[in-house]
Structures are given as structure tokens and as C-alpha cells.
Amino acid sequence: DEAMLKALHKKLEDEGAAPLVIAPTLASIGSVQPDATVTGMPSIMCDALVLCGGDAGAKLLAQSGDARHFVLEAFKHLKAIAALGAGRDVLHAAHLPDHADGVATGDDGDLDKVLKAFVTAAGQHRVWSRAALAESVPA
């Protein structure tokens, strides 16, 4: 969802973050050019992860073993995760809970609320309270 990506990118920059767009390929998403691919930049290189809305994109990510592994790895390494709208389908496809500590979820229209919780979790660098749960994640 190009509009969601642009809005999210701006809001994260306003919070002092340096957001990257990581996608299955380097093909542009409307006018948004991805910075890296899920196979070219492992999630351990990122401080936190946001799964954007957009039905088509989320469906593609949910079906991708590489994308599911990316999300599993981020969860296991205690990264803050946000999932907006159809982005929650990616969490579900990876068999991850959408209400675990450090995981903020909501509808596409809940961007500000979800980002507030996400930024708070990301500011802690790791979600240590999720460590026991993360032990069961196969990544």
C-alpha cells in the first residue's frame, strides 16, 4: 500500500527513526523504491519491524517462506513489531501471536495508536519480557 508506506515513513522519520522499506523484490511499490529485499537484509540488521497494510502485499508476504522467516527471526530476537491492517496476516502466517509483548497491531486507520505503542517498544531496544515466548520460535 503505497499511501500507507509513505505515511508510515514520514511518521517514523518524525520520531527520529531511519526507516527502510524491505520488500520481497526491489521492484518499486508505486513511487516507493525498496531499500532492500527480505533475502538481502536479514531482520537482525533492523532494530524493529512494521508490517504494512495492503491486501495484495500482505498476501504475497504471507505466502513467502523468506518473509515469514524474516518476521520469525525479528520476533525471536525480541524486536518491536507493528502490524497494520492486512499486515497482521503475515504474523498469523508465521504462527506468531498478535498480542504478545512488544507487538502492536491495529487496522490501517489506527496508524497513530499503533505507532505510539510501537515507538515505545522500539525505544526499549529489545522486548525482554517476550524472551521466554521467543524461545519456542524456530528461527
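Notes on the structure in this doc start here.

Rules and cut-offs
- Position labels on residues start from 1 in each chain and follow its written sequence.
- Reporting in this predicted model follows two pLDDT cut-offs: at least 70 for local features of residues, and 80 or more for side-chain atom pairs to be given and counted; totals over whole chains, interfaces and linings ignore these cut-offs and use all residues.
- With hydrogens and water stripped out, all remaining heavy atoms of the structure feed into the side-chain values.
- Numbered from the N terminus, helices here are DSSP runs of H or I no shorter than four residues, and strands are runs of E no shorter than two.
- In this treatment the radius of gyration is a C-alpha quantity, and the globule benchmark scales as 2.2 Å times the residue count to the 0.38 power.
- Using a 1.4 Å probe on the protein chains alone, a residue whose accessible area is under 20% of its type maximum counts as buried, one over 50% counts as exposed, and one in between counts as partly exposed.
- Note on contacts: a residue pair qualifies if any of its non-hydrogen atoms lie within 4.5 Å across the two residues.
- The protein chains shown are the only cover counted for residues, whose accessible areas, like all others here, come from Shrake-Rupley with a 1.4 Å probe.
- For the purpose of charge, His is not counted, nor are the chain termini; Lys and Arg are scored as positive and Asp and Glu as negative.
- To locate a charge, take NZ of a lysine, CZ of an arginine, CG of an aspartate or CD of a glutamate.

## Quick notes on the overall build of the chain
Helix and strand counts for the chain stand at six helices and five strands. Reading the helices (α) and strands (β) of the chain from amino to carboxyl end gives α-β-β-β-α-α-β-α-β-α-α. Compactness check: the chain gives a C-alpha radius of gyration of 13 Å against a globular reference of 14 Å for 139 residues, within 12% of the reference. Expressed as a percentage of the 139 residues in the chain, the buried residues total 43%. By sequence separation, contacts in the chain at least 24 residues apart represent 63% of the contacts at least 6 residues apart. If you sum the accessible surface of the chain, you get close to 7,200 Å²; carbon and sulfur atoms cover 54% of it. Across the chain, the mean location of the 12 positive side-chain charges is 3 Å away from that of the 18 negative side-chain charges.

## Points about unusual backbone geometry
Backbone geometry places L78, a non-glycine residue, at a positive phi of 65 degrees. Tracing the backbone shows L78 in the loop between α3 (65–76) and β4 (80–84). The class for L78 is buried, based on a relative accessible area of 8%. Here H95, not a glycine, exhibits a phi torsion of approximately 60 degrees, which is positive. Looking at where H95 falls in the secondary structure, it is placed in the loop between α4 (87–93) and β5 (103–106).

## Focus on the environment of A122
Within the secondary structure, A122 sits in helix α5 (residues 111–122). The partly exposed category is assigned to A122, whose relative accessible area is 27%. As for A122 and A80, which are separated by 42 residues in sequence, their C-alpha atoms are 5.1 Å apart. Here A122 is in contact with A48 and A80, once residues within four sequence places are set aside.

These figures capture arrangement, not role.
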